[in-house]
Structures are given as structure tokens and as C-alpha cells.
Amino acid sequence: MDANNHVTDPREHINEEPRNDLFDLMNGFFGMLTFMVVVFFGMVIVKFIAG
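Residues numbered from 1 in each chain as written. Predicted model: local features only at pLDDT ≥ 70, side-chain atom pairs only at ≥ 80, totals over all residues. Heavy atoms only, no water.

**Q** Any chance you could explain the overall build of the chain here in plain terms?
**A** Scanning the chain from terminus to terminus reveals 1 helix and 0 strands. Residues classed as buried in the chain amount to 0% of the 51 residues present. For the chain, the exposed surface amounts to about 5,400 Å²; the carbon and sulfur share of it is 67%. (Helix = DSSP H or I, 4+ residues; strand = E, 2+ residues; numbered from the N terminus. Buried < 20%, exposed > 50% of the residue type's maximum accessible area, 1.4 Å probe, protein only. Areas by Shrake-Rupley, 256 points an atom, 1.4 Å probe, with all protein chains shown as cover.)

**Q** Before we go on, may I ask you to explain the packing of aromatic side chains in this structure?
**A** Aromatic ring pairs are reported here in terms of the distance separating the ring centres and the angle at which the planes meet. For the structure shown, the criterion picks out 2 aromatic pairs. Note on Phe40 and Phe41: the rings are 5.2 Å apart at their centroids and 70° apart in plane angle, and the pair reads as edge-to-face. For Phe41, a relative accessible area of 49% translates into the label partly exposed. (Phe/Tyr/Trp six-rings, centres within 6.5 Å; stacked < 30°, edge-to-face > 60°.)

**Q** Explanation requested: a nonpolar patch on the surface in the structure shown.
**A** A contiguous nonpolar patch, built from Leu22, Phe23, Leu25, Met26, Phe29, Phe30, Leu33, Val37, Phe40 and Phe41 and spanning about 1,100 Å² of accessible area, is present on the exposed surface. Counting through the fold element by element, Phe30 comes out in helix 1 (residues 21-50). The exposure class of Phe30 is partly exposed, given its relative accessible area of 46%. (Patch = residues over 30% accessible without salt bridge, like charges linked within 9 Å, V, L, I, M, F, W, Y side chains within 5 Å. Salt bridge = Lys/Arg side-chain N within 4 Å of Asp/Glu carboxyl O.)

**Q** Honestly, the UniProt feature "transmembrane region" (unreviewed entry) in the chain in this entry has me stumped. Any pointers?
**A** Under the UniProt annotation, "transmembrane region" (unreviewed entry) lies at residues 29-50. For residues 29-50, helix accounts for 100% and strand for 0%, while the C-alpha atoms at its two ends are 31 Å apart. (UniProt positions renumbered as here; feature names shortened; annotations may be inferred.)

Spelled out as C-alpha cells, the structure:
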């Protein structure tokens, strides 16, 4: 008698949302890069104003 009759295969990924991992990675990378560039130039402007 098989006790695991109604167990679904976890490799089926039924509840997983379809996502594009590369697009998510590029979005995060360029978003953080843009934020850091804005912070950098903001600090340069603050340095010129203060000094």
C-alpha cells in the first residue's frame, strides 16, 4: 500500500509566479547604480557649496 498517493511533486512549481530573473536582476542593478550616481553628484554639489 502506497502511503504517498496524494503528495504532489514539489518540482511542479504550481504556485510559483512566472518571473524573468534576468530582468529583475538588471532592474535592481541599474536602479541601485542610478541611486548611487544621484547620491554621488549630490555630495559633489554639497561639497562645492560648503567649500
